Amino acid sequence: MRLVLLGPPGAGKGTQASAIVKKYNIPHISTGDIFRANIKEGTELGKKAKEYMDKGLLVPDELVVSIVKDRLTKDDCTNGFLLDGFPRTVNQAEALDTELSSMGLKLNKVINIDADSKILIERAIGRRICKECGATYHIKFNPPKVEGKCDKENSPLFQRDDDVEETVATRINVYFEQTQPLIDYYQQKGLILNIDGTKPIDDIFNTIVEALEK
Ligand code: ADP
Ligand code: ADP
């Protein structure tokens, strides 16, 4: 199964990604997670990416595309993969197409999760993450069992630096300008699966699985 998750910040891509990759036993490739790991490790890539991420802007295509191309050649991608947060520009989508065709592969589906801006802002601002295992919670909609602690690691939960109102608003605008055109791009290829992101987490997951198995 070769899948792409599309949707504005806070739509629920990462949350659904965790469940989908578990079910289909494929790797979860989140470009946001890759950048955050690089920032944590203090790499050159992390330093460059942080300048853009902190402002809510997209990291330049040339930095992102090479990382994803490289990642797709790893052994664990032979059964497929789930791309989360990539592609985000038409240029990135074209680069992905070129790479996949050179490998003789095609995408199976592009899952497009949507919700309106008011919900997106509330979700992103209340998001908390575990830096140890990457689990995502929400202070109101998906709280951990013990406040401020990861259910699995028991370690403290953090708010992402870019999950503050002003930056979230910028990210949503950037999504409308640069990423939303990808819906048309993939619609023309007959790959889009539209998902209502305002439904409960489990219902969304069930809808996705049903559609993938049709
Ligand atoms: P994205 O990866 O698209 O930015 P996340 O999966 O990180 O979104 O979800 C954003 C926030 O909203 C998280 O705090 C998550 O727990 C919460 N969330 C995700 N899906 C739902 C949902 N269907 N209903 C309510 N809250 C949700
Ligand atoms: P969200 O889940 O809220 O949509 P991500 O974790 O996917 O956010 O991305 C966080 C930030 O990382 C983005 O705002 C952007 O700066 C950078 N980023 C992630 N993926 C890409 C990409 N494919 N192209 C450019 N920038 C990216």
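The rules behind the values
Residues numbered from 1 in each chain as written. Chains lettered and ligands numbered in written order. Predicted model: local features only at pLDDT ≥ 70, side-chain atom pairs only at ≥ 80, totals over all residues. Heavy atoms only, no water. Helix = DSSP H or I, 4+ residues; strand = E, 2+ residues; numbered from the N terminus. Rg over C-alpha atoms; globule rule 2.2 N^0.38 Å. Buried < 20%, exposed > 50% of the residue type's maximum accessible area, 1.4 Å probe, protein only. Contact = heavy atoms within 4.5 Å. Lys, Arg positive; Asp, Glu negative; His and termini not counted. Charge placed at Lys NZ, Arg CZ, Asp CG, Glu CD. Near = heavy atom within 4 Å. Polar contact = N/O pair within 3.5 Å; in protein donor to acceptor, adjacent residues only side chain to side chain. Areas by Shrake-Rupley, 256 points an atom, 1.4 Å probe, with all protein chains shown as cover. Nonpolar A, V, L, I, M, F, W, Y, C, P; charged D, E, K, R; others polar. Expected span 1.5 Å × (residues − 1). Pairing = 2+ DSSP bridges. Axes fitted to C-alpha atoms, helices over the stretch in contact; angles between N-to-C directions.

A. Structural detail: the overall build of the chain. Within the chain one finds nine helices and eight strands. In terms of overall dimensions, the chain is globule-like: its C-alpha atoms have a radius of gyration of 16 Å, near the 17 Å expected for 214 residues. Each principal axis of the C-alpha distribution contributes one length, and for the chain these read about 45 × 40 × 35 Å. Of all 214 residues assigned to the chain, the portion counted as buried reaches 46%. Pairs at least 24 apart in sequence give 69% of the contacts found in the chain among residues at least 6 apart. Where the 30 positive side-chain charges of the chain centre and where its 33 negative ones centre are 2 Å apart.

B. A look at the site of ligand 2. Taken together, 19 residues lie around ligand 2, and Thr31, Arg36, Leu57, Gly85 and Arg171 are the ones closest in. One of the backbone N or O atoms of Leu57 is found 2.6 Å from an oxygen atom in ligand 2. At a separation of 2.9 Å, a nitrogen atom of ligand 2 approaches a polar backbone atom of Gly85. In isolation ligand 2 has 560 Å² of accessible area, and contact with the protein removes 97% of it. Examining the composition of the shell around ligand 2, we find that four residues originate from one element, helix α2 (residues 31-41), more than from any other. The residue makeup of the shell around ligand 2, split by class, is eight nonpolar, four polar and seven charged.

C. Structural context of the environment of Thr198. With respect to the helices and strands, the residue Thr198 is situated in the loop between β8 (192-196) and α9 (201-212). As for Thr198 and Gly12, which are separated by 186 residues in sequence, their C-alpha atoms are 9.0 Å apart. Among all residues touching Thr198, those that are not within four sequence positions of it are Asp114, Ala115, Ile119 and Arg123. Within polar-contact distance, the side chain of Thr198 engages the side chain of Asp196 at 2.6 Å.

D. Expanded view of the site of ligand 1. Neighbouring ligand 1 are 20 residues; Lys13, Thr15, Arg127, Tyr137 and Lys199 lie closest to it. Contacts to ligand 1 include Gly10, whose backbone N or O atom sits 2.8 Å from an oxygen atom. Separating a nitrogen atom of ligand 1 from a backbone N or O atom of Lys199 is a distance of 2.8 Å. For ligand 1, whose unbound accessible area comes to 560 Å², protein coverage reaches 93%. Sorting the residues of the shell around ligand 1 by element identifies α1 (13-24), β6 (136-138) and α9 as the ones contributing at least two each.

E. Spotlight on helix α4 (residues 61-72). Taking 1.5 Å of rise per residue, twelve residues should cover 16 Å, and α4 covers 16 Å from first to last C-alpha, within 8% of that figure. When we look at burial in α4, the residues that qualify are Asp61, Leu63, Val64, Val65, Ile67, Val68 and Leu72. For α4, the elements touching its buried residues are β2 (28-30), α2, α3 (44-53), β3 (81-84) and α5 (90-102).

F. Here's a closer look at the sheet that holds β8. The strand order across the open sheet built from five strands is β2-β3-β1-β4-β8, with neighbouring strands paired in parallel fashion. The strands lining the two open edges of the sheet, one partner per strand, are β2 and β8. Neighbour to neighbour, the strand axes of the sheet diverge by 20° on average, direction disregarded. Two strands pair when backbone bridges link them, and strand β4 (residues 109-114) and β8 are joined in this way by five bridges, in the parallel orientation. Bridge pairing in β8 links Ile111 to Leu193.

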